[in-house]
Amino acid sequence: MADVDPHGISGLAMTELEERLHGSERPAVIAATLARLDHIASRIAAFQRSGPSPVDYARATAIGQAVAAARDVVTGATPAR
């Protein structure tokens, strides 16, 4: 495995969401982000109840797990101050 130059790694800069999660409007950003993630999770659950193929069900499950992980990240982004 080749050595990785830390200066050449892209994606290390804060994303807009990260900046907003740590900014002055943090509570509103967190609430809006969690609401959006909850909406996505609800749509995934409805899709799974609709009787998709096993492959599509598995894909929806993977997306649902990613949404749950994103929710954990967002709720963990609220350090006590």
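Residues numbered from 1 in each chain as written. Predicted model: local features only at pLDDT ≥ 70, side-chain atom pairs only at ≥ 80, totals over all residues. Heavy atoms only, no water.

Observations regarding the overall build of the chain
Here's step 1: Helix and strand counts for the chain stand at 3 helices and 0 strands.
Here's step 2: The linear arrangement of helices and strands in the chain, starting from the amino end, is α-α-α.
Here's step 3: When burial is assessed residue by residue, the chain has 17% of its 81 residues classed as buried.
Here's step 4: For the chain, contacts bridging at least 24 residues in sequence account for 53% of all contacts bridging at least 6.
Here's step 5: Total accessible area on the chain stands at roughly 6,300 Å², and carbon and sulfur atoms take up 58% of it. (Helix = DSSP H or I, 4+ residues; strand = E, 2+ residues; numbered from the N terminus. Buried < 20%, exposed > 50% of the residue type's maximum accessible area, 1.4 Å probe, protein only. Contact = heavy atoms within 4.5 Å. Areas by Shrake-Rupley, 256 points an atom, 1.4 Å probe, with all protein chains shown as cover.)

Regarding the pattern of salt bridges
Here's step 1: Within the structure shown, the criterion is met by 2 salt bridges.
Here's step 2: A salt bridge links D38 to R71, with the shortest nitrogen-to-oxygen separation between them at 2.8 Å. Taken together, the positions of D38 in helix 2 (residues 26-49) and R71 in helix 3 (residues 54-76) put the pair 33 residues apart, joining distant regions of the chain.
Here's step 3: We classify D38 as partly exposed; its relative accessible area is 36%.
Here's step 4: By relative accessible area, R71 is classed as partly exposed at 29%.
Here's step 5: The closest approach of N and O atoms between R59 and D56, which form a salt bridge, is 3.7 Å. (Salt bridge = Lys/Arg side-chain N within 4 Å of Asp/Glu carboxyl O.)

Thoughts on helix 3
Here's step 1: Here helix 3 is 23 residues long and its end C-alpha atoms lie 33 Å apart, about the 33 Å a rise of 1.5 Å per residue gives.
Here's step 2: Taken together, the buried positions of helix 3 are A60, V67 and V74.
Here's step 3: Along its buried surface, helix 3 packs onto helix 1 (16-21) and helix 2. (Expected span 1.5 Å × (residues − 1).)

Section: the confidence of the model for the chain
Here's step 1: Of all residues in the chain, 77% attain a pLDDT of 70 or more, and the chain-wide mean is 81.
Here's step 2: Highest mean pLDDT in the chain belongs to helix 2 (93); lowest belongs to helix 1 (80). (pLDDT = per-residue confidence, 0-100.)

Points about the environment of V67
Here's step 1: Along the chain, V67 falls in helix 3.
Here's step 2: Here V67 falls in the buried class, since its relative accessible area comes to 12%.
Here's step 3: Sequence spacing of V67 and A41 is 26 residues, and the spatial spacing of their C-alpha atoms is 6.7 Å.
Here's step 4: Beyond its immediate stretch of four places on either side in the chain, V67 contacts L37, I40, A41 and I44.

Topic: helix 2
In an α-helix there are 3.6 residues to a turn, and that puts residues three or four apart on one side.
Here's step 1: Compared with an ideal rise of 1.5 Å per residue, which puts 24 residues at 34 Å, helix 2 spans 34 Å between its outermost C-alpha atoms and is within 8% of the ideal.
Here's step 2: Elements that come into contact with the buried residues of helix 2 comprise helix 1 and helix 3.
Here's step 3: In the segment just after helix 2, G51 is the residue with positive phi, at about 85°.

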